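One letter stands for each residue in the lines below.
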Amino acid sequence: MEVIILPTAEEASEVAARLVARQIREKPDSTLGLATGGTPCKLYQLLVRMHQAEGLDFSRVSTFNLDEYIGLDPSHPASYHRVMEVDFFSQVNIARERSHIPDGMAKDVRAHCASYERAIKDAGGIDLQVLGLGSDGHLGFNEPGSSLASHTRIKTLTERTRSDNERFFTDGHEVPHHVITMGLGNIMESRMCLLLAFGIGKAQAVAASVEGPVTASVPGSLLQFHPRAKVLLDAESASLLIRSDYYQWVYKNKPIWQTHL
Ligand code: GLP
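Since the model is a prediction, treat every value here as computed from it, not as a measurement.

## Considering the nonpolar core
What tends to happen in soluble globular proteins is that the nonpolar side chains get buried as a cluster.
Thought 1: Among the nonpolar cores identified, the biggest contains 63 residues, and Val20, Leu47, Phe58, Phe88, Leu194, Leu233 and Leu241 are the most heavily contacted of them.
Thought 2: Counting residues per element, this core draws most heavily on helix H1 (residues 9-26), at 8 residues.
Thought 3: Sequence-distant contacts of Leu47, defined by excluding residues within four places in its chain, comprise Ala17, Val20, Ala21, Leu56, Phe58 and Phe88.

Set out below in structure tokens:
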């Protein structure tokens, strides 16, 4: 796990954007795993800017979003279909037939999850997985207690996550209880993970994920077993880390052959 702490979310998002751009330039037909929520918004804005200003080319990229609410039509303003379309897909040259998001309106959820898994395999697996972190340590919508080997399936949200996400809904009661989410197994199978977490509200979940024991009670901690995971933090979300000075020294003093940005 490489822990990168920068003063602001903006600066950390810039590093994330450069890493995603490098992935696409090195492998133009990359498969990206994408996240939603407030955390990656700046990253998407920066990628849009790179597309417009530098011609960053998404035409051969495939994407798989982590999750979607069950029962929300893709036109619902809080559905991840709508959010991804407005914030990202409509602003870059990504092929819609290669942009995948779980279907929250699927009649047969189990069959849909199986076909989502097949599509990920057919796309060659995920090269780079973008992740946010729930205040309870969840990844995607894998709430505490999720199987560490899980794949795409239905999950039930905790009240904490429903209340965290109320801000995206005009009426908090509307937040669905059920979701489809890629599993922790999917995340572990991706070739590289970029976990982003910003703000003081994430400090405990970050400390538990990065420096706590690996446990299903904190899904983010599973990344300690990932061979290539980078954790991008701002000063607030990193504020409870015991080895924060060390991580910062390491990042500032990378040998030249190891600097890739
Ligand atoms: C949401 C999403 C996650 C996201 C996390 C953090 O519920 N399903 O993929 O990473 O919770 O959300 P936010 O970035 O808004 O804090």
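Picking up where we left off.
## Concerning the site of the ligand
Thought 1: Taken together, the neighbourhood of the ligand is formed by 15 residues, with Gly38, Thr39, His138, Arg167 and Lys202 sitting nearest.
Thought 2: Take Gly38: an N or O atom from its main chain is 2.7 Å from an oxygen atom of the ligand.
Thought 3: Within the side chain of Arg167, a nitrogen or oxygen atom sits 2.7 Å from an oxygen atom of the ligand.
Thought 4: The site holding the ligand turns out to be the largest pocket.

## What about the sheet that holds strand S8 (residues 178-181)?
Thought 1: One open sheet holds the 3 strands; their spatial order is S4-S8-S7, and the pairing between them is antiparallel. With one partner strand each, in any of the chains shown, strand S4 (67-69) and strand S7 (153-156) form the two edges of the open sheet. Neighbour to neighbour, the strand axes of the sheet diverge by 30° on average, direction disregarded.
Thought 2: As paired strands, S4 and S8 are joined by 3 bridges and run antiparallel to one another. Bridge pairing in S8 links Asp67 to Thr181.

## Topic: the sheet that holds strand S9 (residues 193-197)
Strand pairing in a sheet takes place through backbone hydrogen bonds and is either antiparallel or parallel in direction.
Thought 1: The 7 strands lie next to each other as S1-S10-S9-S6-S2-S3-S5, forming an open sheet whose pairing is parallel. Either end of the sheet is taken by a strand with one partner, and the two such strands are strand S1 (2-5) and strand S5 (99-100).

Definitions and limits used
Residues numbered from 1 in each chain as written. Predicted model: local features only at pLDDT ≥ 70, side-chain atom pairs only at ≥ 80, totals over all residues. Heavy atoms only, no water. Core = buried A, V, L, I, M, F, W, Y, C linked by side-chain atoms within 4.5 Å. Buried < 20%, exposed > 50% of the residue type's maximum accessible area, 1.4 Å probe, protein only. Helix = DSSP H or I, 4+ residues; strand = E, 2+ residues; numbered from the N terminus. Contact = heavy atoms within 4.5 Å. Near = heavy atom within 4 Å. Polar contact = N/O pair within 3.5 Å; in protein donor to acceptor, adjacent residues only side chain to side chain. 1 Å grid on protein atoms, 1.4 Å probe; cavity = no way out; pocket = protein on both sides within 12 Å on 5 of 7 lines; lining within 4 Å. Sits in = over half its atoms within 2 Å of the grid points. Pairing = 2+ DSSP bridges. Axes fitted to C-alpha atoms, helices over the stretch in contact; angles between N-to-C directions.

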